[in-house]
Amino acid sequence: MSNIHIQGLDKTYPGTPPVRALHGIDLTVAQGEFVALLGPSGCGKSTLLNLIAGFEFPTGGTLQVGGAPVEAPGPSRGVVFQEAALFPWLTVWENVIFGPRVQGMPKADYEGRAEEMLRIVGLSDFKNHLPVQLSGGMRQRVGIARILTLGSRVLLMDEPFGALDAQTRLTMQELLLSVWQQLKPTIIFVTHDIDEAIFLADTIYVMSVRPGRIQQRIEVPLGRPRTITDTTSEAFNTMKRDILHLIRHDHG
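Residues numbered from 1 in each chain as written. Predicted model: local features only at pLDDT ≥ 70, side-chain atom pairs only at ≥ 80, totals over all residues. Heavy atoms only, no water.

A. Fine view of the overall build of the chain. Assigned secondary structure in the chain consists of eight helices and 10 strands. A compact globule built from 252 residues would reach a C-alpha radius of gyration of about 18 Å, and the chain, at 18 Å, matches this within 12%. Each principal axis of the C-alpha atoms in the chain carries an extent, and together these give about 50 × 45 × 35 Å. A total of 252 residues make up the chain; the buried ones form 47% of that total. Residue pairs in contact within the chain that sit at least 24 positions apart in sequence constitute 68% of those at least 6 positions apart. When the accessible surface of the chain is split by element, carbon and sulfur atoms take 53% of a total near 11600 Å². (Helix = DSSP H or I, 4+ residues; strand = E, 2+ residues; numbered from the N terminus. Rg over C-alpha atoms; globule rule 2.2 N^0.38 Å. Buried < 20%, exposed > 50% of the residue type's maximum accessible area, 1.4 Å probe, protein only. Contact = heavy atoms within 4.5 Å. Areas by Shrake-Rupley, 256 points an atom, 1.4 Å probe, with all protein chains shown as cover.)

Written out as structure tokens, the structure is:
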């Protein structure tokens, strides 16, 4: 089943001269698929994510999620940014249940799910902490739990681990794979880190320099579940070399 379907998508920002951010994007994401958008800075990865989220609108082509055009942001598509964007005055628990609570959902409909999501991201013992008391990685865990508590079936992730140190980043990648393995949401993950894209994704779309186009669609040949030892395999390193060549050739 196709969950996200994009055809001939263009995005141009008005100005003198106009800025053509994306051109002729064709992209299909199946229900429960883990997709990475990989490319150099300024290639339109985040713009494409914002279009899928409904924060911006295309200037040409079609964009559908679940068979319907995207006309506005909605709880079915949760966005995780590089910064967790938590409310600093609310506890972890209050941040996680914020969405359903302001929507007026009965507590019985979301409290159990919130408890379960905090358990899955490993934060059950930190429910009463404030964001300032948490590390950067833990704040991102809260952000992920908040989106999942909202019931989002599509996770749009914009370099969510980009600001973390290498060790924490790896821990978060493993955590995200564990969450995905258990809940099977559809994930579109923006990154410019080739290792991260290969380690996480089923499918990688390599984007070109502006105007952003899909340069190549690559299926990742690694099995599931994945562990960090997969990143030292011959298949992993061969794929990394091929993608590096593709991106360098595009620059040159």
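B. Representation of the nonpolar core in the model. Counting 52 residues, the largest nonpolar core has F34, I198, I204 and I243 as the members making the most contacts within it. Not counting the four nearest positions on each side in its chain, I204 is found in contact with A36, L38, A197, I198, Q216, R217, I218, V220, M239 and I243. (Core = buried A, V, L, I, M, F, W, Y, C linked by side-chain atoms within 4.5 Å.)

C. The arrangement of the pattern of salt bridges in detail. Applying the stated rule across the entire model yields nine salt bridges. For E56, the salt bridge goes to K11, with nearest N and O atoms at 4.0 Å. Within this pair, whereas E56 is found in the loop between α1 (45-53) and β4 (60-65), its partner K11 is found in strand β1 (residues 2-13), the two being separated by 45 residues in sequence. Residue K11 is classed as buried on the basis of its relative accessible area of 9%. The shortest N-O distance in the salt bridge between D202 and R224 comes to 2.7 Å. Of this pair, D202 sits in the loop between α7 (194-200) and β9 (203-207) while R224 sits in the loop between β10 (214-219) and α8 (234-251), placing them 22 residues apart in sequence. Overall, D202 belongs to the partly exposed group, its relative accessible area being 22%. (Salt bridge = Lys/Arg side-chain N within 4 Å of Asp/Glu carboxyl O.)

D. Broad picture of helix α5 (residues 136-149). The first and last C-alpha atoms of α5 sit 20 Å apart over 14 residues, in line with the 20 Å expected at 1.5 Å per residue. The element α5 is largely enclosed, with a buried count of 12 among its 14 residues. For α5, the set of buried residues is G137, M138, Q140, R141, V142, G143, I144, A145, R146, I147, L148 and T149. Against β6 (77-80), α2 (92-96), α3 (98-102), α4 (107-120), β7 (154-158) and α6 (166-183) lie the buried residues of α5. (Expected span 1.5 Å × (residues − 1).)

E. Local environment of the sheet that holds β10. Strand order in the open sheet formed by six strands is β6-β7-β8-β3-β9-β10, with mixed pairing between adjacent strands. Each edge of the open sheet is held by one strand with a lone partner, namely β6 and β10. Averaged over all neighbouring strand pairs, the angle between strand axes comes to 15°, with direction disregarded. Strand direction decides the pairing type here: β7 and strand β8 (residues 186-191), joined by five bridges, are parallel. By the bridge assignment for β8, D158 is matched with V190. Of the strands in this sheet, β6 and β7 touch α5, which is tilted by about 175° from β6. Running over the sheet, α6 touches β3 (34-38), β7 and β8 and is turned about 160° from β8. (Pairing = 2+ DSSP bridges. Axes fitted to C-alpha atoms, helices over the stretch in contact; angles between N-to-C directions.)

F. Broad picture of the pairing of β3. The buried count for β3 comes to five of five residues, which makes it a mostly enclosed element. The two faces of β3 match: F34, A36 and L38 on one face and V35 and L37 on the other face are all buried. Of the pairings in the sheet, the one linking β3 to β8 comprises five bridges and is parallel in character. Looking at the pairing, L37 lines up with V190 of β8. Alignment of β3 against β9, held across four bridges, turns out to be parallel. Each bridged residue has a counterpart across the sheet, and for L38 the counterpart in β9 is V206.

G. Seen up close, unusual backbone geometry. Note the cis peptide between R210 and P211, where omega equals 0°. Topologically, P211 is positioned in the loop between β9 and β10. Note the cis peptide between R224 and P225, where omega equals -10°. Here P225 is to be found in the loop between β10 and α8.

Worth remembering: the numbers are spatial, not functional.
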